[in-house]
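Observations on chain architecture
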Amino acid sequence: MKIFEAYYDLKLRAGLKLYLLAEGRKISEIDRLYRQFGTYLSRIKGIPYFNVLLSCSTESEFQEKLDFLFNTLWKDHYEYKEMPKYFIRYLQYLHSAYALDPSINIEGLEMPDDFWCIPESDFTDYAKPYIKDGKLSIIANPLLIKKLLPYRQNWPLGCNEAVRVAKDFYHSLLPEMTDEDWKLKIEELLQPKKRSKAKATARNVLFSFPDASEKVLSGSDAMEFVINEIGIKRAMSLNVTHLKEKLVLREINKRYPSSYKALDNGLWLNMKGNTEDKVKTLRLLASLLRLPYVISITNKTPE
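What counts as what
Residues numbered from 1 in each chain as written. Predicted model: local features only at pLDDT ≥ 70, side-chain atom pairs only at ≥ 80, totals over all residues. Heavy atoms only, no water. Axes fitted to C-alpha atoms, helices over the stretch in contact; angles between N-to-C directions. Helix = DSSP H or I, 4+ residues; strand = E, 2+ residues; numbered from the N terminus. Parallel < 35°, antiparallel > 145°, perpendicular 65-115°, else oblique. Contact = heavy atoms within 4.5 Å. Nonpolar A, V, L, I, M, F, W, Y, C, P; charged D, E, K, R; others polar. Pairing = 2+ DSSP bridges. Salt bridge = Lys/Arg side-chain N within 4 Å of Asp/Glu carboxyl O. Buried < 20%, exposed > 50% of the residue type's maximum accessible area, 1.4 Å probe, protein only. Phe/Tyr/Trp six-rings, centres within 6.5 Å; stacked < 30°, edge-to-face > 60°. Lys NZ or Arg CZ within 6 Å of the ring centre and 35° of its normal. pLDDT = per-residue confidence, 0-100. Expected span 1.5 Å × (residues − 1).

1. Brief notes about the packing of helix α10 (residues 159-170) against helix α11 (residues 179-190)
Put simply, α10 and α11 touch, their axes get as near as 9 Å, and they point 100° apart. Judged by the angle between their axes, α10 and α11 are roughly perpendicular. Judged by residue contacts, Cys159, Ala162, Val163, Ala166, Lys167 and Tyr170 of α10 engage Asp179, Trp182, Lys183 and Ile186 from α11. A per-class count over the contact of α10 with α11 returns seven nonpolar, no polar and three charged.

Written out as structure tokens, the structure reads:
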């Protein structure tokens, strides 16, 4: 794939969330950045300059064209101020992802010279965002990843040697990191745990307001909150459906009464689906009606 095609690869793009989480960002902030990133990718795809970015044959050329887009063509005209930095941040992430999985074929991606990866008197950009309380929260340095990859196949055999490699790489820069800390970080890198396909029962809905306040509700309560906010009559007039049914109904499928909640005047609120299904619909409503909050999934619990 081309460099810019890697930005549109959903599986590859989702991997960045792990690195943002390691930076200490909140789940709600990560969800917001991820949505805004997707919004801008869609906008770029709708302009002729998309083909200019797509045709870049080297990373240097791609960075130059990306800089021209944000700092000349779209100067002072982009809605989300973090996006130019985020687009470059993604390029840096691709270096880590490619080092971890060389089978990812990204034409023109230029792996950084060792000079940019080897820490001397200070950390490089591949570690600075991930230092918390003197410890490294994730291994993202492409050169160190390459050095540790040979230990993947027979892990945990050779783990002590892998720890030595990591400690030697950072010399005395991470004195708070114990051998157990290093072993855990290397294991997370080489043998990541597979995510369960089961839905997390603790997942709720987070409303983030412009004044930085937040509200956490269950999926069902979130649906009811938004419908009451916009008004039942207005909700009925919208050309928006939730899992192929209207938001507010006069008649329900009596075989599944738990999928609906009774409202006034004999009306029913569509409560079908899980929290993720509800959030998709609520985000659509928030975007369509310009509601004054950002909606995301969270592991926080309602107060």
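On we go from here.
2. Quick notes on the sheet that holds strand β3 (residues 204-208)
In space, the three strands of this open sheet follow the order β4-β3-β10, with antiparallel pairing throughout. Of all the strands in the sheet, just β4 (214-217) and β10 (294-298) have a single pairing partner and so form its edges. For this sheet, the mean inter-axis angle between neighbouring strands, taken without regard to orientation, is 25°. Pairing of β3 with β10 involves five bridges; the strand directions are antiparallel. Residue pairing across strands places Val205 opposite Ile297, the latter belonging to β10. The strands that helix α4 (residues 27-45) touches are β3, β4 and β10; relative to β10, the one it contacts most, it runs at about 125°. Sheet strands touched by helix α14 (residues 275-289): β3 and β10. Its angle to β10, the strand with the most contacts, is close to 170°.

3. Some details on the pattern of salt bridges
All told, the structure shown has 14 salt bridges when counted by the stated rule. We note a salt bridge from Arg89 to Glu23, for which the minimum N-O separation is 3.1 Å. Of this pair, Arg89 sits in helix α7 (residues 83-100) while Glu23 sits in the loop between α3 (16-22) and α4, and the two are 66 residues apart along the sequence. By relative accessible area, which is 13% here, Arg89 ends up buried. Among the salt bridges present, the one from Glu214 reaches Lys300, with a minimum N-O distance of 2.8 Å.

4. Some thoughts on the pairing of β3
Burial runs high along β3: five of the five residues are buried. When β3 meets β4, the two strands line up antiparallel, connected through four bridges. Looking across to β4, one finds that Val205 is bridged to Leu217.

5. Section: the packing of aromatic side chains
Counted by the stated rule, this structure contains 26 aromatic pairs. Residues Phe4 and Phe50 carry aromatic rings whose centres are separated by 5.8 Å and whose planes lie at 50° to one another, so their mutual orientation is tilted. Here Phe4 is found in helix α1 (residues 3-8), whereas its partner Phe50 is found in helix α5 (residues 49-54), with 46 residues between them in sequence. On the basis of relative accessibility, which here comes to 0%, the residue Phe4 falls in the buried class. Aromatic pair Tyr8 and Phe50: ring centres 5.8 Å apart, planes at 85°, arrangement edge-to-face. Of this pair, Tyr8 sits in helix α1 while Phe50 sits in helix α5, and the two are 42 residues apart along the sequence. Its guanidinium or amino end placed over the ring of Tyr34, Lys17 lies 4.1 Å from that ring's centre, counting from NZ or CZ.

6. Things to note about the confidence of the model for the chain
Low-pLDDT stretches of the model should not have their predicted coordinates read in fine detail. Taken over all residues, the pLDDT of the chain has a mean of 89, while the share at 70 or more is 96%. Of the regions scoring below 50 in pLDDT, residues 196-201 engages in two contacts with residues more than four places distant in sequence or in other chains.

7. Some words on the sheet that holds strand β8 (residues 260-262)
The strand order across the open sheet formed by three strands is β7-β9-β8, and the pairing between neighbours is antiparallel. If you trace the sheet from one side to the other, it starts and ends with β7 (248-249) and β8, each paired once. Pairing analysis gives two bridges linking β7 to strand β9 (residues 268-270), with the strands arranged antiparallel. Bridge assignment links Val248 to a residue of β9, and that residue is Leu269. Against the sheet, helix α12 (residues 219-230) makes contact with β7, β8 and β9, and its axis sits at roughly 120° relative to β9, the strand it touches most.

8. Regarding helix α6 (residues 59-73)
An α-helical turn contains 3.6 residues, so any two residues separated by three or four positions project in the same direction. Over its 15 residues, α6 runs 20 Å from end to end, which matches the ideal 21 Å to within 8%, given 1.5 Å per residue. Summarising the contacts, the buried residues of α6 are in contact with α1, α4, α5 and α7.

9. Things to note about unusual backbone geometry
Geometrically, the link from Trp155 to Pro156 is a cis peptide bond, its omega value of 15° lying close to zero. Not every positive phi belongs to a glycine, and Leu243 is a case in point at roughly 50°. Leu243 sits in the partly exposed class, given a relative accessible area of 38%.

10. Brief notes about the environment of Lys17
Here Lys17 lies in helix α3. Classification of Lys17 by relative accessible area gives partly exposed; the value is 30%. Considering only alpha carbons, one finds Lys17 and Arg250, 233 residues apart in sequence, at a separation of 41 Å. For Lys17, the residues in contact, after removing those within four places along its chain, are Ile30, Asp31 and Tyr34.

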